[in-house]
Structure formats: C-alpha cells, structure tokens
Protein chains: 2
Amino acid sequence: VTWPTTKLTDLLGIEHPIIQAPMAGASTPALAAAVSNAGGLGSLGCAMQTADVFRSEIGTTRKATNRPIHVNFFAHEAPSPDAAKETRASELLAPYYEELGLGDVPPAVATHFPFDATMLEAVLAVRPQIVSFHFGLPDEELIRAIKDTGIILLCSATSVREAVDLEKRGVDAVIAQGWEAGGHRGTYLSSFEGARAGTMSLVPQVVDAVKLPVIAAGGIADGRGIAAAFALGASGVQMGTAFLTCEEAGIPDIHKEILLKSRDDDTRVTKAFSGRPARGIVNRYIEDMAAHEDELPDFPLVNTMTGPLRKASAARGKGDFVALWSGQSVGLNRALPAGELFEKLVEEAQSVFQHGIK
Amino acid sequence: VTWPTTKLTDLLGIEHPIIQAPMAGASTPALAAAVSNAGGLGSLGCAMQTADVFRSEIGTTRKATNRPIHVNFFAHEAPSPDAAKETRASELLAPYYEELGLGDVPPAVATHFPFDATMLEAVLAVRPQIVSFHFGLPDEELIRAIKDTGIILLCSATSVREAVDLEKRGVDAVIAQGWEAGGHRGTYLSSFEGARAGTMSLVPQVVDAVKLPVIAAGGIADGRGIAAAFALGASGVQMGTAFLTCEEAGIPDIHKEILLKSRDDDTRVTKAFSGRPARGIVNRYIEDMAAHEDELPDFPLVNTMTGPLRKASAARGKGDFVALWSGQSVGLNRALPAGELFEKLVEEAQSVFQHGIK
C-alpha cells in the first residue's frame, strides 16, 4: 500500500508523510529516533537549548537512527526586560510559592533563545536534514545560509497571510497550524484574535493560496485525522499531542496521566506559563491567572518565574501548576511506544484510503 | 456514483448527505427549496418567527419543493430583563445612533423565542420532516410530542459532553458544531471557554462517544471539507456560510460582498450583537464593543437595541454595524445560485472519493 502522494515524502526523504512535532521540553532523542526509524520524520524541539546541548542531542539521536531528522527553533523577538511586570508577576506568584514551601519567586531570565549566528554555526556543523521555525523566520542571511547547505526549510503559519509570507521568504513547505494544536501558537503576522482558524478551515485556504506542499497540524491524532488532512489538500501531517503519551516523551508522568483522561473541552489557550498564547489542559494555575495574563513579563521571561512551581507540582504528582500542553484531540490519545503508535497511524490512515471514506 | 454511506440519507429521506444550515434571518424558502430540490436537505431558521410567520414560510417552501425540509428552533432560557444593563447598553449605543442620525436607541425586546407549546402546535400541524434545536433541547414533553409524530429530531453539540447528553435525551442524529462555524455557537452544557474544539477534533471524539449518526458542521465549504468530514467518521455535513453568497440567501448585499473578499483570519466570536457568542467578520462594531460584551443585556434582548443600526448600516452599503455572520472557511465562498453550488459540492466531494485522496 502506498500513500496517495509523494510530494512531501520525496522532499523530506521519508517513507510516510507523518511528522512528529518538535516539542521543546517534551521531544527526546529516543522519541525522534523511534519515529524516524518507523518511516516518519522524528523531530527535536531545540528552542530551549544552547548550541552545546543542541550538538549533544543531535549526536544522541544520530546514534539511534540514520534516517532524516528535523530540528525546530523559535524566531521570536528577544524580550525586553520590564522591572514593573517582573515585580507584578512575583506578587501574583508568591502565594503559590508559599503554599508549596518553595521560598522566593526566582527572577525572570530568558529560557528560549531566538535563533542566532551561534546556533546557525552549530546547525551548519551538524547538518540535520530538515530545519523548521516557529513564530516566523529569522533574518534573511541566517535563512540563506541554511538553505545554501541543502537543508530543507519549514515554518509554521497560523493564517493564509502568514503562509503567503513564508512562501515569499523561501520555505520549502508550510506547516499550517490550526486552532486545535497543543502548545504554542506560531502566530507572527496575523493578530492572535484573528489567527484562530481550525484545521478544517485553515488547510484548504492555505493550499489554495500557496504553491508549496502544505503540512496540516492541529487536531490530528489518529488515522481518521490523517486521511481528513489529505482530503483537505495537505501533503503531510504534523502530530504533537498524540506522541506525548508515548513512553519516549520527556514530560512528567502526571502530564501523561492527565492527557489520558482529558477530552475536547478540557483545553484552553493561555499566556500564563510563558507569556505567549499556548494550548494546554486547563488547571488551577491557568484558571487563577486568566485575569492577569497581560500583567506578566514578555515571552519567555515568565518561564523561569514559574519553573520551580511547575517542577514541584509535577514531583508531587499534581497537575495544578504544570504546563499540561495539549491539543484539542487529546481524547484520542493512546499510551503506546512511539514505533507502535506510528505503525497504527499508518495502518489506520491507509485503511481509510483503501476502503473508501465511510 | 453513490455516497459511501446511506446511514444519514436513509434517516432523513434525502439523496446527498449535505444539509444547508438553518440560519435564522438568512435562510429563505427559496434557499431551502433549491437545496432540497437538488437532493440535499434545505432548512429554515425559525427562531425569530411567530407561529403564524412559521406556518406561512413553511407554506411558501412547500409550494417550491415536495422534498423533505428541516426547521430549526432555539431552546435558550427566556431572558431576564435587566434595567441597569439596558441603560448601560443605551449609553454605549447612543453615539452610533447619533452618528447615523437614527434618533433614540430602542428598548430591549426579545426577538428570538424559546420553542414552546404554541410553536409545538404549529409544528405538529405543518409536520416538517426534520426538526432541529440549537442551544440544547426544550422540555421533555415538547420533545416527546415531536418524536411521537415521526418527525426526525436533530440538535447541535459543541462538545462530547453535549453530544452524550443529546443521545440520552433521544435525538436521532447529533450535529457536531466545530469552532470554525459561523453564527451562534450552540453551546449549552460545556463552558463557552471550553467548547471551542475545531471540527477536526470534535467530530472523531463525538463519533467515538455516541452511537448516533454524526453531522459535521463548521469550516466545511467545498468538496474537500465534505470528504474530510467523512474521513473523520461523520455521516453527513451541515454547511452555512457557503450558502450565504447564493442569490437565494436573505442577507444584505453588503454582507455578501464582504464575505466574498474575506478569509480565515477575518472572523471573531462576539457577544456584542445578540448577547450570546456568535462568529462573524470583524467590523467596527465588534472591535468597539469587545471590551463591553459582558455589560449588555442577555440574549436576545440586545438584538432590538442594535436593529436600526444594523439596518441603516446595510442600507448605506457599509458593513460597520451589520452582523456579518461568517464561518472561518469564508475564503472558499462562491457566488452561485444554490442549486448550482449544491451540484458542484456533490461533484467535488465525489471526485475526492473516486480519485482517492491526493
């Protein structure tokens, strides 16, 4: 049984047009290698890594697979420190630190790094087959250097406007990230209020607007979703949440447990964890902070201020303060090793293709 | 060429499993008849009608088609008048009335009626083949009376929670309304913040949770969307916005013009027009009122207070104050007569089924 298209598989050098989403803080060399070895595209979310950590993670992954791998970076604006916002965030967070006996709220320090010349050097040295960006693209000379080596370039778009911009700027394929997607929204040109199109709306409008292959992301969690994405005109899919309950995913056990009992109406988009809109399972922290999201420091500064809270909450087996990143299709999640899950996804999708749409 | 399933077509007595959404204030006997005559299910949105107007509209529709028709009612709680909120709304709206030279802001009067015994009597007399509800179901005895006559009962669900509730209460099929959908969100059990699952997420989770046929709604605007909905496990689709640019749709010309030049990131969900969350193209009124949505009277009381504004704005060919209801797939809209559009939709969807998913 073959896939109905090889437009994207040829471009990426993979067998099945299914990308495991790079999820900074959750993807691991073991997860990426398992997916690449199964014939998909395994990915590493590297936005929180220094160049040294990045090199080391790629090394570990390469020992586990000789297939193509995909690394992702963020291209956000470096944040402006804001003492007033930091003080306000400390005030808001202090009661939780007291409740959990964690001492003082730590200062705001950047944890996610916009892609820069140092990281470019590491990328050019290590040469992953595919590089992608979230929150738009970095400066043109960085992009050109990546493309000149023959590395395939992808980037997320959350609107037609962004997809058209990315095509102009030379990406090889567009990742159309629908409203359903877990984690950070990749929005960078459209407003956050406008760029909320569901995958069912976003994918065909992006397909009509660009000539590039379109990778559908958001709400795709089983073979039905994969087949639906192809019906909409996508050439491939990117799936994140579905892989979070694999044993290879690097998230706390409590996060996995909560994912496995959550469903469609349990997620929210919040700025409270990082300073940028991101989707996760609603918990005490998201609810409490809903009215204060705009008072917090810029992305990603608030991240270090909530770090000990998130860690302590997870260590106690409670989800109250953990960033429980999740997409809206979480009700379809399965707890399987990544390779096994991947085989099932391929079988399910191909069964829809073979037996027709019922 | 036949459809891959007849589960829903048998139930509804139609040829193609495509329902034109009943849109109170936009659907017309001509639109409903054109769709039913083309082999789909034509629908009338009757929530703003008295029993007499309802009987007359059904009469007009029946003269134009002898195929099944579908009527929709709202099952919201009757609003509690609130003098303070009415005064506040008047203050907020007065500057616009002055700007447009429209005199005083009119009082708040209910324009949409919760389904009741009087309307039940009219329904039982006229016997449309299919009756559906939005905002949940009316009381059990009203439902039983409808079902006892053999009328097929549908209702919208915006979450798995709601779909499961509707199955227990005896509906014959569930309309899974995804986040992409234009007009009013049918949410009645889940929170408005939670019940925002995109169609890609909502449909398979609802399909897994109920035994009933599931009708996918939200973001479906061409054959690709129809095929995708079937891939997700739906037995049929309901499409609203796609029919709004048909000549038979009863909306102002300016509304049609704006739809034809809008796309994925141009819509917002707002409570500012009616008092309940509904999706439309963002305009001056939605933007201005964004900060005041919770100060307005309950659904549907605010409707009469904005009526002259909406009318005058449309008459002047300006969209500033018009309720420009629209789903997120508006970029796929086509200006065609309803019968012609319907034929195209069937051809497009069947082409995906026949030629495989590319």
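Located above this text is the structure these notes cover.
Given the structure is predicted, the values throughout are model-derived calculations rather than measurements.

Q: Mind showing me how you'd approach the pairing of strand 11 (residues 278-281) of chain A here?
A: Both faces of the sheet carry side chains from a regular strand, because those side chains alternate between them. Residue and element names in this part refer to chain A. Relative to strand 11, strand 7 (residues 183-184) runs antiparallel, the two sharing two bridges. Looking at strand 11, one finds that H184 is bridged to A278. Sheet topology note: the strand 10 (residues 267-270)/strand 11 ladder contains four bridges and is antiparallel. Opposite V269, over in strand 11, you have R279 as the bridge partner.

Q: What should I look at first to understand the interface of chain A and chain B in this one?
A: How big an interface is tends to be stated in terms of accessible area lost as the parts join. Across the contact, 51 residues belong to chain A and 51 residues belong to chain B. Both faces combined, the contact of chain A with chain B buries some 3,900 Å², and carbon together with sulfur accounts for 54% of it. Measuring nitrogen to oxygen at the nearest pair gives 2.9 Å for the salt bridge that ties R161 of chain A to D265 of chain B. At the boundary of chain A with chain B, the tally comes to 22 residue pairs in polar contact (both at pLDDT 80 or more). Going through the elements one at a time, helix 7 (160-168), helix 8 (199-209), helix 9 (223-231), strand 10 and helix 14 (338-355) of chain A are the ones with two or more residues in the side of chain A that touches chain B. Per element, the largest residue contribution to the side of chain A that touches chain B is eight residues, and it comes from helix 8 of chain A.

Q: Which parts of the structure should I look at to understand the packing of aromatic side chains?
A: Note on aromatic pairs: each is described by the distance of the centres and the angle between the planes. Residues and elements named next belong to chain B. Under the defined criterion, the tally for this structure stands at 26 aromatic pairs over all chains. Both rings, one in F73 and one in F133, keep their centres 6.2 Å apart while their planes meet at 40°; by these two values the pair is tilted. Of this pair, F73 sits in strand 3 (residues 69-74) while F133 sits in strand 4 (residues 130-134), and the two are 60 residues apart along the sequence. Assigned by exposure class, F73 and F133 land together as buried. Between F74 and F135 the ring centres are 4.7 Å apart and the planes differ by 65°, which places this aromatic pair in the edge-to-face class. A residue pair is termed long-range when its members are at least 10 positions apart, and F74 in strand 3 and F135 in the loop between strand 4 and helix 6 (140-148) qualify at 61 residues. Neither F74 nor F135 differs from the other in exposure class; each is buried.

Q: I tried to follow helix 4 (residues 83-99) of chain B on my own but got confused; where do I start?
A: Structural remark: α-helix, 3.6 residues per turn; residues separated by three or four positions point the same way. Residues and elements named next belong to chain B. Between its first and last C-alpha, helix 4 extends 25 Å over 17 residues, near the 24 Å set by a 1.5 Å rise per residue. Along helix 4, the sharpest kink reaches roughly 40°, centred on L93 and followed within four residues by the proline P95. Where helix 4 starts, the residue carrying a side-chain oxygen 3.1 Å from the main-chain nitrogen of A84 turns out to be D82. Just downstream of helix 4 lies G101, where phi reads positive at about 60°.

Q: For this particular structure, what's the right way to read the relation of the copies chain A and chain B?
A: Superposition of the two copies of the chain requires a rotation about an axis and a shift along the axis. You can overlay chain A on chain B at an RMSD of 0.0 Å; the transform is a turn of 180° with a shift of 0.0 Å along its axis. Classification of the inter-copy transformation places it as that of a two-fold axis. Residues of chain A ranked by C-alpha distance from the rotation axis are headed by A228 of chain A, positioned 2.0 Å from it. Here 98% of the contact residues of chain A are again contact residues in chain B; the copies associate through an equivalent surface.

Q: Looking at this model, I keep getting lost on unusual backbone geometry. Mind explaining?
A: Residues other than glycine predominantly adopt negative phi, and peptide bonds predominantly adopt the trans conformation. All names here are of chain A. Put simply, F299 and P300 share a cis peptide bond, and its omega is -5°. Despite not being glycine, F135 shows a phi value in the positive range, around 70°. With relative accessibility at 4%, the residue F135 sits in the buried group.

Q: So what exactly am I meant to see when it comes to the packing of helix 9 of chain A against helix 14 of chain A here?
A: The relative placement of two packed helices is expressed as an angle between their axes plus a distance between the axes. All names here are of chain A. Two numbers describe how helix 9 lies on helix 14: the axes approach to 7 Å, and their chain directions differ by 50°. The angle between helix 9 and helix 14 falls in the class oblique. Read as a crossing pair, helix 9 and helix 14 show a hand that is right-handed. Contacts from G223, I226, A227 and F230 of helix 9 reach helix 14 at L345, E348, A349, V352 and F353. Classifying every residue of the contact of helix 9 with helix 14 by side-chain character gives seven nonpolar, one polar and one charged.

Q: What's the story with the sheet that holds strand 7 of chain A in this structure? I'm lost.
A: Two pairing modes exist for strands in a sheet, parallel and antiparallel, and in both the strands are linked by backbone hydrogen bonds. Read from one edge to the other, the open sheet built from three strands follows the order 7-11-10 (chain A), with strand pairing classed as antiparallel. Edge positions in the sheet fall to strand 7 and strand 10 of chain A, since each has one partner strand and no second.

Scoring rules and cut-offs
- Sequence order as written defines the numbering, with residues in each chain counted from 1.
- Here every chain gets a letter starting at A, and every ligand a number starting at 1, in the order they are written.
- Selection of residues for local features in this predicted model requires a pLDDT of at least 70, selection of side-chain atom pairs for listing and counting requires 80 or more, and totals for whole chains, interfaces and linings are taken over all residues.
- To get the side-chain values, all heavy atoms of the structure are used, and hydrogens and water are removed first.
- Two strands pair under a simple rule: DSSP has to find at least two bridges between them.
- Under the DSSP-based scheme used, a helix requires at least four consecutive residues in state H or I and a strand at least two consecutive residues in state E, with every element numbered from the N terminus.
- Residue contacts are counted whenever heavy atoms from the two residues lie within 4.5 Å of one another.
- As used here, buried area is the combined drop in accessible area, with a 1.4 Å probe, of two parts when they are placed together.
- When a carboxyl oxygen of Asp or Glu lies within 4 Å of a side-chain nitrogen of Lys or Arg, that pair is called a salt bridge.
- Residues adjacent in sequence count toward polar contacts only when both atoms are side-chain atoms; beyond that, a polar contact is any pair of N or O atoms within 3.5 Å, and within protein one must be able to donate a hydrogen and the other to accept it.
- Planes of paired rings set the category: under 30 degrees apart is stacked, over 60 is edge-to-face and the rest tilted, where pairs are Phe, Tyr or Trp rings (Trp by its six-membered ring) whose centres lie within 6.5 Å.
- Three labels apply to residues, based on accessible area from a 1.4 Å probe with only protein chains included: buried if under 20% of the type maximum, exposed if over 50%, partly exposed otherwise in between.
- Here a helix's expected span is defined as the number of its residues, less one, multiplied by 1.5 Å.
- We define the bend at each residue as the angle formed by axes fitted to the 7 residues ending at it and the 7 residues starting at it.
- Copies are brought into register by a least-squares superposition over C-alpha atoms of residues with pLDDT of at least 70 in both.
- Every axis in this analysis is a line fitted to C-alpha atoms, fitted for helices over the stretch in contact. Angles between the N-to-C directions lie between 0 and 180 degrees.
- When describing relative orientation, an angle under 35 degrees is termed roughly parallel and one over 145 degrees roughly antiparallel, while 65 to 115 degrees is termed roughly perpendicular and anything else oblique.
- We call a crossing left-handed when the near helix sits turned anticlockwise from the far one by less than a right angle, and right-handed when that turn is clockwise.
- Note on residue classes: Ala, Val, Leu, Ile, Met, Phe, Trp, Tyr, Cys and Pro are nonpolar, Asp, Glu, Lys and Arg are charged, and everything else, Gly too, is polar.

So far we have only geometry, and geometry alone does not tell us how the molecule works.
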